[in-house]
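Analysis of the macromolecular model
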Amino acid sequence: QVQLVESGGGLVQAGDSLRLSCAASGRTLSNYGVGWFRQAPGNEREFVVGINWNGDRTSYADSVKGRFTISRDNAKNSVNLQMNSLKPEDTAAYYCAADSERRWYVSLRPGVYNYWGQGTQVTVSS
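Keep in mind the model is a prediction, meaning the values are calculated, not measured.

Focus on the nonpolar core
One recurring pattern in soluble globular proteins is that nonpolar side chains are buried together. Ranked by internal contacts, the top residues of the largest apolar core, which has 29 residues, are Leu4, Leu29, Trp36, Phe68, Leu81, Met83 and Tyr94. Those elements that provide at least two residues to this core are strand E3 (18–25), strand E4 (33–39), strand E5 (46–51), strand E7 (68–73), strand E8 (78–83), strand E9 (92–99) and strand E11 (120–125). With near-sequence residues (within four places) excluded, Leu4 lies in contact with Cys22, Ala23, Ala24, Leu29, Cys96, Ala97, Ala98, Tyr115, Trp116, Gly117 and Gln118. By size, the runner-up hydrophobic cluster in this structure holds six residues, among which are Phe37, Phe47, Val106 and Val112.

Here it is in structure tokens:
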């Protein structure tokens, strides 16, 4: 079983940047597809961005395309999420999740992911 820990959340102003990290232990994260999801109070958990196990396929929600970038840092056994030009509507708890199947594509469905981190809060003020 892989354990995931998110970090890097915080309070920022609109237009600022933030970098989230998803650090894994217990297993090698490069063997898992990884997705980032977010959930604001009263809202459904939504897909933000994902990367397949190989790192050669990514998928972005339209709302973050051009602003967010996902990447793997295999040396640190982690996946990063660079968030630029943050907007108040980006405010949410952000979760990383690992897909135990070595899929060559990125799944946008939360139910596909087997392991989840505890979340990190991102708050963007206007």
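Further notes follow.
Examining the sheet that holds strand E1 (residues 3–7)
Judged by pairing direction, the sheet is antiparallel, and its four strands sit side by side in the order E1-E3-E8-E7 without closing on themselves. If you trace the sheet from one side to the other, it starts and ends with E1 and E7, each paired once. Taking the axes of each pair of neighbouring strands and ignoring which way they run, one obtains an average angle of 15° across the sheet. Where E1 lies against E3, five bridges are found, and the strand directions are antiparallel. Paired with Val5 across the two strands is Ala23, which belongs to E3.

Describing the pairing of E11
Looking down a regular strand, the side chains alternate between one sheet face and the other. Burial along E11 is one-sided: the residues Thr120, Val122 and Val124 are buried and none of Gln121, Thr123 and Ser125 is. Pairing of strand E2 (residues 10–13) with E11 involves four bridges; the strand directions are parallel. Looking at E11, one finds that Gly10 is bridged to Val122. Sheet analysis places E9 next to E11, joined by three bridges and oriented antiparallel. In the strand pairing of E11, Tyr94 is matched with Thr120.

Concerning the pairing of E4
By the criterion of burial, E4 is predominantly enclosed, with six of the seven residues buried. When E4 meets E9, the two strands line up antiparallel, connected through seven bridges. Pairing of Gly33 across the sheet is with Asp99, part of E9. Pairing of E4 with E5 involves five bridges; the strand directions are antiparallel. Among the inter-strand pairings, Phe37 is bridged to a residue of E5, identified as Phe47. In this structure, the hairpin formed by E4 and E5 is closed by a connection of six residues, where Gly42 is found at a positive phi of approximately 85°.

Topic: the state of the cysteines
In total, this model carries one disulfide according to the counting rule given. Put simply, Cys22 and Cys96 are joined by a disulfide, and their sulfur atoms are 2.1 Å apart. Linking Cys22 and Cys96, the disulfide has an S-S dihedral of approximately 65° and is accordingly described as right-handed. Of the two residues, Cys22 sits in strand E3 while Cys96 sits in strand E9, which places them 74 residues apart along the sequence. Comparing Cys22 with Cys96, the two get one shared label, buried.

Basis of the calculations
- Residues numbered from 1 in each chain as written.
- Predicted model: local features only at pLDDT ≥ 70, side-chain atom pairs only at ≥ 80, totals over all residues.
- Heavy atoms only, no water.
- Core = buried A, V, L, I, M, F, W, Y, C linked by side-chain atoms within 4.5 Å.
- Buried < 20%, exposed > 50% of the residue type's maximum accessible area, 1.4 Å probe, protein only.
- Helix = DSSP H or I, 4+ residues; strand = E, 2+ residues; numbered from the N terminus.
- Contact = heavy atoms within 4.5 Å.
- Pairing = 2+ DSSP bridges.
- Axes fitted to C-alpha atoms, helices over the stretch in contact; angles between N-to-C directions.
- Disulfide = S-S within 2.5 Å.

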